Structure formats: structure tokens, C-alpha cells
Amino acid sequence: MSVVVENISKSFITKNDTINTLSNINIEFHKGEFVCILGPSGCGKSTLLNIIAGLEKETSGRVICNGKEVKGAGPDRVVMFQEPALFPWLKVIDNVEFGMKLAGIPKDERREKAMKYLKMVHLTRFQNCYIHELSGGMRQRVALARALTLDSDILLMDEPFAALDSQTKNILQLELQQIWLETKKNIIFVTHNVEEAVLLADRVIVMSANPGTIKKEFHIQLARPRQPENIDLAYLAADIMKELKEEVEKVAKAEFDTNWTSKKDLILPDSDSDMGTGI
Ligand SMILES: Nc1ncnc2c1ncn2[C@@H]1O[C@H](COP(=O)(O)OP(=O)(O)OP(=O)(O)O)[C@@H](O)[C@H]1O
């Protein structure tokens, strides 16, 4: 087992209020497992990921990573965010090598590894381009290649494809499945999107909000690589939607005017099952 989240609670103290964001979260993430964390907007998904990454301090509880308590960020946990944090003044290849350079890896070794992962994300042709010459999907693939070069067992991904159009998103979801099959990293992936979660995950953890707790877990044992049009995935997505709908409505009621009632297309958008962005 590689990551254990033990009784994590988190409150943010602001000028006017205390926000109880997470309450008694317990999860075990197993070595090589692909887990999606799904929940309505504001339920604390990113906060939980940031605590696992060591970027945010828990109020109580602890995270154990490969037997050691997490006290801060570490090379065993690489994080990828929605916006790829790339350097515009560096070429693609230099962006991919950047983390390895900081880690003091010799130039030849760096180049060899960077090329290996650029190949994995199908971008070798663009190695000498600058970031502004790439599309959003290509930029995210550069960020993924850079994350992979660091050889961490654990990859933490916070809605990495949320800003992309649906066709690009589908391509990257298929690429990520392939990369996961090749590398067998432990991926912890935060998303709003039910279809994305069932496509990618071995296990989907559904959270409820106010405060964030674990509501239910779904194990997905369908063969890979999975295709978005797979009918079994659609049935699973429908089951998970049912769990989420209640949570999304709860959050919406807390955030909207008192006369708000749910409409089908708000809670269950047809296009991409993106829970939460509509509220
Ligand atoms: N630094 C902070 N200070 C105060 N409150 C915060 C801070 N970070 C997060 N919160 C609050 O904690 C709650 C959970 O936020 P978080 O971003 O973790 O949720 P989320 O489920 O990832 O949301 P989304 O899906 O919309 O990104 C929100 O109410 C948010 O306002």
C-alpha cells in the first residue's frame, strides 16, 4: 500500500468564519491503483489532494506515504494541476527536463529520459517548440511528460483535463490510460466529471460536502483500455450520478437563492456529466 489517509480533518479559519472543509477522511490508496475522487464543487477534493501532496497542512489526522508520515512536499508525490505550469521562455524539451535539472540529474541522462516521456505523450516532433506554439492539450501533455520524468510512484492530478475541449480531453484520457498501463503508477485523480472517473479509475471515491466526507466507493473492474462509448461504463456512470445528484443539489441549495429547485439539465448535463461546474 502506498498512501494512507488517516482521520484527516481540515478547517480554514477566515476573518469572519471557520470553514470545516474535511471531516475524518480515511482512505487507503494501493500501489499501482488508479483512483478518482469525485464530488460536488467545494466538497474539499483539491484540499484533500493538496494535503496528500504536502502543500496544505491538515488540522488533524495524518497522511502516511510509503510508511512515512507526510510533512511537506516530496519527490515521491508529483502533482499536476488544471493549468500546466510551464515556462514560456523554455523550449518543450527544456521544460520537460526542468525538474530533473533541479534534482541534479546529469545532462545526458536528462535528455534520454525527457525523450522517452515525450515519446510516450507523442510530442517528440515538438521538442524544440516554445509553449505559446502549442495547443492547450499539447501543453498538458508536456506537463505530464515532465511529471513522469520524476519517477515518483505517486501522481496526484487535480482536474488536469478540465480546461480542455471534449475531443482533446478524450484523446488525453486514452493516452493517460495507456501511460498508466505502462508505468503502473499510483494515480490519485480529482474530477467533477463522472464519465471521466469511470473511464479512468479502478476505484471511484464519491465525496459529500459541508463538511467533505467519503460518501461511497465504487470498484470498477472493466478491462482496459476503456473506450468512452462502452455501455457498461454508461451504466456505472448512471449509478454514480445517482449518488452525486443528492450532493450537488445540497451544495446548490446552500449557494443559490431559497426559491431554487433543480432542473434535470443542470444536475445531469448531457454533454459530459460534469458535476458541479453548472452551479
Ligand atoms: N485557502 C483557503 N482559505 C479559505 N477557504 C478555503 C481555502 N481553500 C479552500 N477553501 C474552502 O474549502 C472548501 C473546499 O475547497 P476545495 O477547493 O478543496 O473544493 P473542491 O471540491 O476541490 O472544489 P472544486 O471542485 O470547485 O474545485 C471551499 O469552501 C473553499 O472555499
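Residues numbered from 1 in each chain as written. Predicted model: local features only at pLDDT ≥ 70, side-chain atom pairs only at ≥ 80, totals over all residues.

Asker: Could you clarify how one ought to interpret the site of the ligand in this entry?
Answerer: Around the ligand there are 14 residues in total, and Phe12, Ser41, Lys45, Ser46 and Thr47 lie nearest to it. Among the elements of the structure, β2 (18–29) and α1 (45–53) are those that each provide at least two residues to the shell around the ligand. Counting residues per element, the shell around the ligand draws most heavily on α1, at three residues. Looking at the shell around the ligand, its residues break down into three nonpolar, 10 polar and one charged. (Near = placed C-beta within 6 Å. Helix = DSSP H or I, 4+ residues; strand = E, 2+ residues; numbered from the N terminus. Nonpolar A, V, L, I, M, F, W, Y, C, P; charged D, E, K, R; others polar.)

Asker: Just checking my understanding: could you explain the domain arrangement of the chain for this structure?
Answerer: Frequently, the measure chosen for interface size is the accessible area that the parts lose on association. With domains assigned, the chain is organised as domain 1 (1–76 + 162–260) and domain 2 (86–151). Taken over C-alpha atoms, the centre of domain 1 sits 27 Å from the centre of domain 2. Taken together, the contacts link nine residues of domain 1 with eight residues of domain 2. A class-by-class count of the residues in the side of domain 1 that touches domain 2 yields six nonpolar, two polar and one charged. (Domains from an automatic or database assignment. Contact = placed C-beta atoms within 7 Å.)

Asker: Looking at this structure, how should I read the environment of Lys185?
Answerer: With respect to the secondary-structure elements, Lys185 resides in the loop between α5 (166–183) and β8 (186–191). Here Lys185 falls in the buried class, since 21 other C-beta atoms lie within 10 Å of it. The spacing of Lys185 and Gly99 is 86 residues in sequence and 18 Å in space, taken between C-alpha atoms. Not counting the four nearest positions on each side in its chain, Lys185 is found in contact with Asp153, Ile154, Leu155 and Trp180. (Buried ≥ 20, exposed ≤ 12 C-beta atoms within 10 Å, placed from the backbone.)

Asker: What exactly am I supposed to notice about the sheet that holds β2 here?
Answerer: Adjacent strands of a sheet form backbone hydrogen bonds with each other and so pair up, either parallel or antiparallel. Taken together, the four strands give an open sheet; going across it, the order is β2-β1-β4-β5, and neighbouring strands pair in antiparallel fashion. Whereas interior strands pair on both sides, the edge strands pair on one side only; in this sheet they are β2 and β5 (68–69). Sheet contacts for α1: β1 (3–13), β2 and β4 (60–65); angle to β1, the most-contacted strand, approximately 120°. (Pairing = 2+ DSSP bridges. Axes fitted to C-alpha atoms, helices over the stretch in contact; angles between N-to-C directions.)

Asker: What should I look at first to understand the sheet that holds strand β10 (residues 213–219) in this one?
Answerer: Reading across the sheet, the six strands line up as β6-β7-β8-β3-β9-β10 and stay open at both edges, with mixed pairing between neighbours. Both outer strands of the open sheet, β6 (77–80) and β10, are each paired with one neighbouring strand and no more. In this sheet, adjacent strand axes meet at a mean angle of 20° when their direction is disregarded. By the bridge criterion, six bridges tie strand β9 (residues 203–208) to β10 in an arrangement that is antiparallel. When the sheet's bridge partners are listed, Ser208 is paired in β10 with Thr213.

Asker: What exactly am I supposed to notice about helix α4 (residues 136–149) here?
Answerer: Residues that lie three or four places apart on an α-helix share one face, since the helix turns once every 3.6 residues. Look at α4: 20 Å from first C-alpha to last across 14 residues, which is about the 20 Å you get at 1.5 Å a residue. Buried residues dominate α4, accounting for 12 of its 14 residues. For α4, the secondary structure elements touched by its buried residues are β6, α2 (92–102), α3 (107–120), β7 (154–158) and α5. (Expected span 1.5 Å × (residues − 1).)

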